[in-house]
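# Architecture and fold: a report
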Amino acid sequence: MRSVSPSIIVILVLFLGNQVLVVKGLLDDSTNNRTRKEQGEEEEEDSLAYSSSSSQSSSSSSSPHDVDENRPITEEYERTNRFLELMHDIVDGEKNKEEEDTRYVVKYKDGISFQTATARGKIGSHEEVIHVIPKDKLQVVRLSSLEQLQEMEEREDVEYVERDHKVYLQQAFSEEVPYGITMVKALDVPDDNVSNRKVCIVDTGYDLSHPDLPKSTAGVTISGIGAGNLNWFEDGNGHGTHVAGTIAAVGDNGRGVVGVVGNSRLNLHIVRVFNNNGVFVWASSLVSAVEECVDSGANVVNMSLGGGGFAQFERDAYNRIYEEDGVLLVAAAGNGGNTAFSYPASYPAVMSVAAVDSDGFIASFSQRNSQVEIAAPGVGVLSTVTGGGYRRFDGTSMACPHVAGVAALVWSNFPQKSAAEIRQALTKSATDLGPSGRDNIYGYGLVQADRAYQLLNGDLTLNPTAAPTPELPCFDSPAGWFDSDGETYNCQWYSRFGRCRLYGSRFENPDNGKTANEACCACGGGQRGQDHSETGKPSSLASSLPSQSPPGTKSQTPSARPTTLPSSVPTESKLPTSKPTRSGTSSSRPSSDPSLNTTPAPTAVPNESTCTDTKNWYDSRGMRFNCNFYAQRRRRCRFAGNFFRNFDQTAKEACCVCGDGTTSNRTLLV
């Protein structure tokens, strides 16, 4: 009598929405006498069953126990079972919860017993086989009663029965409080009432799927709108998601980071105006975006962007929004590292935010001008990025949300206060970092949430501001000082980009033995009082005047012009590993910082002298991205020249084509 080989159960799992369709087909070898040779190679590759020799089948006994113990089990069969096991666990997740007390693993004594049980598909009338592990003669079954378990344990062909158990990922979830959150004292202010405030973020979008960013819940709204066909809840760039994380990343969830307001109760409104490239948006479009923020009921608007020049329509719109609508406007001061005005930050109605590092020193890229109002952490800021991850970014774009978040947090405790009163509280309570009082580098100082709260609550009394004693002028001493690397590296060179802090105590003049920190006023040295040098001119960073028209004056620039995003190509923070390789030319640095200037070109053409790129410089992306790379397309200087810092220099600092290098007079390319 011909033996009938086991039936094959083929389970096809199809995902249709949230439903699972399981199709079962029974293929009986008793009605299909084709041999493997007749079935061909295609069935050999696609078969999900284990096969036996047809000649052995025809000559063997009909007893189901007459199965070769050493018969090979095909790879397809094992792979199918592994697949089914995985799909069962994923698709039937709710059922898995019920299986915890009924799921057992049965170990058979030999292969014959295992194959016989597997061929039957069921152990008894009620037991269900979940899946099998052939090589170990294991069967995973569901035993729904104590009687079934006892019956299984007493079987002669069963070696033992054990309960199955769950295994979990051992991912070490932990939450980090970024240094900036601690630095601005955000965790020291009550956040119970933040649901009465709304922050509007005008940026590249918001990764709504990020596990560490808040979602809409009862009483809290996370909403938004995108320009054109852009979705506000997506962010292909990552800049906006990073900004949002600094403001409101969820705290106490055991993962990622925490924002200034980390209790998931702050309302957010996202206005996406940038596409994934994050290159620019028109100033008129930006005004429309801020109007959308006002219409949504926002109290604070975060604008981590800037550029271009002064425009009357823009200034008037922001003045009205601040004074009449009572909305606090906060913007990034700019990443040029010079004294130029960046807009919208430099309009009177907008708070201009400078960037400092974890030690409170001004960031080399942060703008320095008369409109800088307050400072916040902006170097190596850790926050959320698109795709569920976290990265450290540099930029005044990163400093800006610290101030916006603090403003909303403090304001939530005093909702009766006006935007102007909150703004005044932030500036009055800031920790002074530079010269006494307001200065062009730090503004009024580092924003402090706790002190602003205490001031408004009547718990902080500020000392009356006495008239400052006129400070004696400072002169470099000796005049004409330069360091051991040559005349290029004089006090003017040290006055820029934080070079005093990096190199001020390292390189002495070979003749007088003085370092920059001892000889240069810009580095805190020099000599105050009467000048005994021939020049009689004080050297100070503050003496550099901006080349643009001051805020509030009309400009001849067109009103419709692009506003560039300072961190449009966000990059991870990288600290310089060594002192940059410097060229040995004898020409000196400019006597004042170059400024981004979009006003018409001056009638007098600057006297250009020979310029030399910083020797062997390339940006942080690799050796290919050197000054020649930036020279091939001059727009690269415009859009990436302030990013990808390497050897403590960006392309705008190292490359002549981008406006620096080592020459005495030049016009900066913007």
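Please refer to the structure higher up on the page.
What you see is a predicted model; the values in this text were computed from it and never measured.

## Brief notes about the overall build of the chain
Along the chain, the regular secondary structure elements total 19 helices and 21 strands. Taken over 670 residues, the chain has a buried fraction of 49%. The contacts in the chain between residues at least 6 apart in sequence include a share of 73% that link residues at least 24 apart. A total of about 32200 Å² of accessible surface is found on the chain, and carbon and sulfur atoms cover 49% of it.

## Looking at the sheet that holds strand β11 (residues 267-272)
One open sheet accounts for 7 strands, arranged β9-β11-β8-β13-β14-β15-β16; its pairing is parallel. The outermost strands of the open sheet, each flanked by one partner alone, are β9 (222-226) and β16 (372-377). Pairwise comparison of adjacent strand axes, ignoring direction, gives a mean angle of 25° for this sheet. Of the pairings in the sheet, the one linking strand β8 (residues 198-203) to β11 comprises 6 bridges and is parallel in character. Of the residues in β11, the one forming a bridge with Val202 is Val271. Across the sheet, helix α8 (residues 239-248) touches β8, β11 and β13 (300-303), and the angle it forms with β8 is around 160°.

## A few points about the nonpolar core
Counting 88 residues, the largest nonpolar core has Val202, Met303, Tyr318, Leu328 and Leu426 as the members making the most contacts within it. Among the elements that take part in this core, helix α11 (residues 396-412) stands out by supplying 11 residues, more than any other. Not counting the four nearest positions on each side in its chain, Leu426 is found in contact with Met351, Ile374, Val403, Val406, Ala407, Val447 and Ala452.

## Concerning the state of the cysteines
On inspection of all chains with the given rule, the structure shows 4 disulfides. Two residues, Cys200 and Cys293, share a disulfide whose sulfurs are 2.0 Å apart. Note on the Cys200 and Cys293 pair: the S-S dihedral is about -60°, so by sign convention the disulfide is left-handed. One end of the pair, Cys200, is in strand β8; the other, Cys293, is in helix α9 (residues 283-295), and 93 residues separate them in sequence.

## With respect to the pairing of β13
The alternating pattern of β13 places Val300 and Asn302 on one face and Val301 and Met303 on the opposite face, and all of these are buried. Both β8 and β13 contribute to a ladder of 3 bridges, which runs parallel. Note that in β13 the partner of Ile201 across the bridge is Asn302. Two strands pair when backbone bridges link them, and β13 and strand β14 (residues 328-332) are joined in this way by 4 bridges, in the parallel orientation. Residue pairing for β14: Val301 is matched across the bridge by Leu329. Read as a crossover between parallel neighbours, the route from β13 over helix α10 (residues 312-323) to β14 is right-handed.

## Side note on α9
For α9, which comprises 13 residues, the first-to-last C-alpha distance of 19 Å matches the rise-based estimate of 18 Å (1.5 Å per residue) to within 8%. Those residues of α9 not exposed but buried are Ala283, Leu286, Val287, Ala289, Val290, Cys293 and Val294. Looking straight down α9, one finds its buried side chains confined to an arc of 160°; they lie on one side. Gly297 sits one or two positions beyond α9 and adopts a positive phi of about 90°.

## Observations regarding the pattern of salt bridges
For the structure shown, the criterion picks out 8 salt bridges. Residue Arg392 pairs with Glu176 through a salt bridge whose shortest N-O separation is 3.6 Å. In this pair, Arg392 sits in strand β18 (residues 389-393) while Glu176 sits in strand β7 (residues 175-176), placing the two residues 216 residues apart along the sequence. With a relative accessible area of 36%, Glu176 lands in the partly exposed category. Residues Asp325 and Arg320 are paired through a salt bridge, measuring 3.5 Å at the closest nitrogen-oxygen approach. By relative accessible area, Arg320 is classed as partly exposed at 29%. Here the salt bridges do not stand alone but share partners, grouping Glu291, Arg320 and Asp325 into one network.

## Observations concerning the packing of α9 against α10
To characterise two packed helices, one gives the angle between the axes of the helices and the distance between these axes. Packing of α9 against α10 leaves a shortest axis separation of 10 Å and a crossing angle of 10°. Considering the angle they form, α9 stands roughly parallel to α10. Counting all contacts with α9, which are made through Ala283, Ser284, Leu286, Val287, Val290, Glu291 and Val294, the residues of α10 involved are Phe313, Glu314, Ala317, Tyr318, Arg320 and Ile321. Counted by class, the contact of α9 with α10 contains 9 nonpolar, 1 polar and 3 charged residues.

## Some thoughts on unusual backbone geometry
Looking along the chain, the bond that leaves Tyr343 and enters Pro344 is cis, with omega of 20°. Checked against the element boundaries, Pro344 lands in the loop between β14 and β15 (350-356). Cis geometry marks the peptide bond from Ser477 to Pro478, where omega comes out at 0°. Along the polypeptide, Pro478 turns up in the loop between β19 (474-475) and α14 (491-494). Here the phi dihedral of Lys137 falls at roughly 55°; this positive angle occurs in a residue that is not glycine. Here Lys137 is to be found in the loop between β4 (128-133) and β5 (138-142). Relative accessible area serves as the criterion here: at 25%, Lys137 is assigned to the partly exposed category. A positive phi angle is found at Asp252, which is not glycine, with a value near 60°. Take Asp252: it is sitting in the loop between α8 and β10 (256-257). Take Asp252: its relative accessible area is 78%, and that puts it in the exposed class.

## What to know about the sheet that holds strand β3 (residues 103-108)
Strand order in this open sheet of 4 strands is β4-β5-β3-β6, and the pairing throughout is antiparallel. Each of the sheet's edge strands pairs with one partner strand only, and the pair in question is β4 and β6 (158-163). Recorded for the sheet is a direction-independent mean angle of 25° between the axes of neighbouring strands. In the packing of helix α6 (residues 146-153) onto the sheet, contacts are made with β3, β5 and β6, and the angle to β6 comes to roughly 145°.

## Let's talk about the packing of helix α12 (residues 419-429) against helix α13 (residues 449-457)
It is at 8 Å that the axes of α12 and α13 come closest, and there the two elements cross at 120°. Judged on the interaxial angle alone, α13 and α12 are oblique. Considering the relative orientation of α12 and α13, their crossing is right-handed. Residues Ile422, Ala425, Leu426, Lys428 and Ser429 of α12 lie in contact with α13, whose contacting residues are Arg451, Ala452, Leu455 and Leu456.

## Quick look at the environment of Gly380
Summarising the element assignment, Gly380 is placed in the loop between β16 and β17 (381-385). The sequence separation of Gly380 and Arg391 amounts to 11 residues, and the corresponding C-alpha distance is 8.6 Å.

Rules used in this analysis
- Residues numbered from 1 in each chain as written.
- Predicted model: local features only at pLDDT ≥ 70, side-chain atom pairs only at ≥ 80, totals over all residues.
- Heavy atoms only, no water.
- Helix = DSSP H or I, 4+ residues; strand = E, 2+ residues; numbered from the N terminus.
- Buried < 20%, exposed > 50% of the residue type's maximum accessible area, 1.4 Å probe, protein only.
- Contact = heavy atoms within 4.5 Å.
- Areas by Shrake-Rupley, 256 points an atom, 1.4 Å probe, with all protein chains shown as cover.
- Pairing = 2+ DSSP bridges.
- Axes fitted to C-alpha atoms, helices over the stretch in contact; angles between N-to-C directions.
- Core = buried A, V, L, I, M, F, W, Y, C linked by side-chain atoms within 4.5 Å.
- Disulfide = S-S within 2.5 Å.
- Right-handed = clockwise from strand over helix to strand, strands pointing away.
- Expected span 1.5 Å × (residues − 1).
- Arc of directions from axis to C-beta.
- Salt bridge = Lys/Arg side-chain N within 4 Å of Asp/Glu carboxyl O.
- Parallel < 35°, antiparallel > 145°, perpendicular 65-115°, else oblique.
- Nonpolar A, V, L, I, M, F, W, Y, C, P; charged D, E, K, R; others polar.
- Left-handed = near helix turned anticlockwise from the far one by under 90°.

These figures capture arrangement, not role.
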